[in-house]
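Coordinate inspection notes
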Amino acid sequence: MEAIVNWLNSVLWSTPVIYICLGVGLLFSILTRFLQVRHIKDMVLLMFQGKSSAAGVSSFQALSLALSGRVGTGNIAGTATAIAMGGPGAVFWMWAIAFIGAGSAFVESTLGQIYKVKQDGVYRGGPAYYIEKGIGIKWFAVLFAISALLAMSILMPGIQSNSIALGLENAFGLSPTITGIMLVILLGLIIFGGVRRIATVAQYAVPFMAVGYILVALVIIGMNITELPGVFALIFSSAFGADSMFGGIIGSAIAWGVKRGIYSNEAGQGTGPHAAAAAEVSHPAKQGLVQAFSVYIDTLFVCSATAFMILFTGSFNTVGPDGTTPIVENLPGVEAGPGFTQAAVESAIPGFGAGFVAISLFFFAFTTIMAYYYMAETNIAYLTRGKNSKPAMFILKIVILGATFYGAVKTATLAWALGDVGLGLMVWLNLIAILILAKPALIALKDYEEQKKQGLDPVFNSTKLGIKNAEYWEEEYKITDKEVS
């Protein structure tokens, strides 16, 4: 099993793929004229505009839903793993993929809005929908939907529940089996309540967990403020092979920084568009900008908080290119993952670290599993259009609950490897799709900017812009025209 999984990873995450991810993000950043800098003010303001409706959620709820998927165990365990395998320089490459990845996040999330549909009384959208409607290749859309369903319901929930179980066992001695049962009960109460319950839980849990985590990181940074220049120098010198200790693993720094960066912020992965499509907005570019900012929140804020806590306190180990020989071993016997972060907080605030990180992991990872369910449900809705979807939805709930429990009690190595396979499948398919289909998103951005220049609150008219098969927006304007006449 592990041999097969490792082989798949070697194919899906070969070196060219790493650079393709960086290249696509850079291309979209150039094509949008670095909107992640130009429109930073709009990104922040738009987060708090718009209201939910019977069919959709507010921009902030959609952002929270997307962030619940983005901000997960990757922010704690994934960042630690990147430092363990790629050294401190991996942190720079996580920042790089976040900055340029915001361009990919804008494009895919705007496409999610453009090609969304109103299905069974709620908004649905995502890569499967925009591949079919925008590119017109049904089998490609079905392939993505199946891959996403496989990844979101079977392969990836285990990473999140595994990290929760490890954190709680380390901090409180709680049995992974007990943790697994607890997670299944809590998750079941939420996912059996439908999309709106998921969005409601996310909008309260996500800001609480992110702000609390960052505040503790700021306290630790403040306690070690004299180390600030040295830590930044270490990150940048290691990122470009200039550091004597970490210079030999520059390839690992780039590979692990990009891989864990994408895993954490999900830019270009195809997950963000599912939540973006659920938002009730007057123009697709609005939610595209909001979702682009979510990449910043995830990596530049939350992942950086983890990295700084670990590096400021020296609570990490790093291995050489062979993956086994230690270059740095500050924490003998501690496995890469939550243990690094727990040791970092514990060294600064004795008696607080293990419990704090375990509780943070619980919130981060649990809300991510919720988001995985929502994305899996959306792809089930796509595959069962025009049919009775209730049996399939029920089976999905049971499968994701089972995967969550199984992940809590299996080995961390296999959990991460399976998650990387799921992520790799989605990244491959979605990057191809958004490269083919970037034009409508760029048209939407230009239209948004032109309306803003005229002092208008941008409103989208797909027919006027010549964007075909955007059925929801076409219907909206038919209704509007009737009401006006």
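Computed from a prediction, not measured in an experiment: that's the story for all the values here. (Residues numbered from 1 in each chain as written. Predicted model: local features only at pLDDT ≥ 70, side-chain atom pairs only at ≥ 80, totals over all residues. Heavy atoms only, no water.)

Quick notes on the overall build of the protein
Across its full length, the protein holds 23 helices and four strands. For the protein, with 485 residues in total, the buried portion stands at 61%. Of the contacts made within the protein by residues no fewer than 6 positions apart, 82% connect residues no fewer than 24 positions apart. As displayed, the protein offers around 18000 Å² of accessible surface, 67% of which is attributable to carbon and sulfur atoms. (Helix = DSSP H or I, 4+ residues; strand = E, 2+ residues; numbered from the N terminus. Buried < 20%, exposed > 50% of the residue type's maximum accessible area, 1.4 Å probe, protein only. Contact = heavy atoms within 4.5 Å. Areas by Shrake-Rupley, 256 points an atom, 1.4 Å probe, with all protein chains shown as cover.)

Concerning the side chain of Thr367
With respect to the helices and strands, the residue Thr367 is situated in helix α18 (residues 353-383). Here Phe363 takes part through its backbone oxygen, which lies 2.9 Å from a polar atom of the side chain of Thr367. (Polar contact = N/O pair within 3.5 Å; in protein donor to acceptor, adjacent residues only side chain to side chain.)

Brief notes about the packing of helix α7 (residues 89-114) against helix α16 (residues 284-313)
Packed helices, taken two at a time, are described by their axes: the angle between them and the distance between them. Look at α7 against α16: their axes get within 7 Å of each other, and the N-to-C directions meet at 160°. It follows from the interaxial angle that α7 and α16 lie roughly antiparallel. Relative to α16, α7 is oriented so that their crossing is right-handed. When its residues are assigned to classes, the contact of α7 with α16 shows 20 nonpolar, eight polar and no charged. (Axes fitted to C-alpha atoms, helices over the stretch in contact; angles between N-to-C directions. Parallel < 35°, antiparallel > 145°, perpendicular 65-115°, else oblique. Left-handed = near helix turned anticlockwise from the far one by under 90°. Nonpolar A, V, L, I, M, F, W, Y, C, P; charged D, E, K, R; others polar.)

What about the side chain of His283?
Its place among the elements puts His283 in the loop between α15 (272-277) and α16. Separated by 2.8 Å, the side chains of His283 and Asp447 make a polar contact. If near-sequence neighbours (up to four positions away) are discounted, His283 is found in contact with Ala444, Asp447, Tyr448, Gln451, Pro458, Val459, Phe460 and Trp473.

Section: the packing of α16 against helix α21 (residues 438-453)
Between α16 and α21, the least distance of the axes is 9 Å, while the angle of their chain directions is 100°. Classified by the angle between their axes, α16 and α21 sit roughly perpendicular to one another. Residues Ala285, Lys286 and Leu289 of α16 lie in contact with α21, whose contacting residues are Ala444, Leu445 and Tyr448. Residue composition of the contact of α16 with α21, by class: five nonpolar, no polar and one charged.

Observations regarding the pattern of salt bridges
One side chain can pair with another of opposite charge once the charged atoms of both are near each other. For the coordinates displayed, the defined rule picks out seven salt bridges. In this structure, Arg33 and Glu449 form a salt bridge, with 3.0 Å as the shortest nitrogen-oxygen distance. Taken together, the positions of Arg33 in the loop between α2 (15-31) and α3 (35-38) and Glu449 in helix α21 put the pair 416 residues apart, joining distant regions of the chain. In this structure, Lys133 and Glu471 form a salt bridge, with 2.9 Å as the shortest nitrogen-oxygen distance. Of this pair, Lys133 sits in helix α8 (residues 127-135) while Glu471 sits in helix α23 (residues 471-484), and the two are 338 residues apart along the sequence. Each of Arg33, Arg38 and Glu449 takes part in salt bridges that share partners, so that together they form one network. (Salt bridge = Lys/Arg side-chain N within 4 Å of Asp/Glu carboxyl O.)

Observations concerning the packing of aromatic side chains
To describe a pair of aromatic rings, you give the distance between the ring centres and the angle between the ring planes. All told, the structure shown has 23 aromatic pairs when counted by the stated rule. Ring plane angle 10° and centroid distance 5.9 Å describe the contact between Tyr213 and Phe356, whose orientation is recorded as stacked. A residue pair is termed long-range when its members are at least 10 positions apart, and Tyr213 in helix α12 (residues 195-223) and Phe356 in helix α18 qualify at 143 residues. In terms of burial, Tyr213 and Phe356 fall into one category: buried. Ring-pair connections join several aromatic residues into one group, and the members of that group are Phe92, Trp93, Trp95, Phe232, Phe236, Phe240, Phe308 and Phe312. Over the ring of Tyr123 we find Lys116, and its NZ or CZ is 4.0 Å from the ring centre. Its end group placed over the ring of Phe192, Lys397 keeps NZ or CZ at 5.5 Å from the ring centre. (Phe/Tyr/Trp six-rings, centres within 6.5 Å; stacked < 30°, edge-to-face > 60°. Lys NZ or Arg CZ within 6 Å of the ring centre and 35° of its normal.)

Focus on a nonpolar patch on the surface
Together, Ile178, Ile181, Met182, Ile185, Leu186, Leu189, Phe405, Tyr406 and Val409 line one region of the surface with nonpolar side chains, adding up to about 780 Å² of accessible area. Breaking the nonpolar patch down by element, the ones donating at least two residues are α11 (176-191) and α19 (390-409). Mapped onto the elements, Tyr406 comes out in helix α19. Classification of Tyr406 by relative accessible area gives partly exposed; the value is 48%. (Patch = residues over 30% accessible without salt bridge, like charges linked within 9 Å, V, L, I, M, F, W, Y side chains within 5 Å.)

Concerning the confidence of the model for the protein
Taken over all residues, the pLDDT of the protein has a mean of 83, while the share at 70 or more is 88%. Every residue in residues 479-485 is under pLDDT 50, and counting partners more than four places away or in other chains gives zero contacts. (pLDDT = per-residue confidence, 0-100.)

Details of α19
With 20 residues, α19 should reach 28 Å at 1.5 Å per residue; the first-to-last C-alpha distance of 30 Å fits that figure. Of the residues making up α19, those classed as buried are Met393, Leu396, Lys397, Ile400, Leu401, Ala403, Thr404, Gly407 and Ala408. The buried residues of α19 all sit within an arc of 160° when viewed along its axis, so they share a single face. Where α19 is buried, its residues meet β2 (122-124), α9 (138-155), α10 (157-172), α11 and α18. (Expected span 1.5 Å × (residues − 1). Arc of directions from axis to C-beta.)

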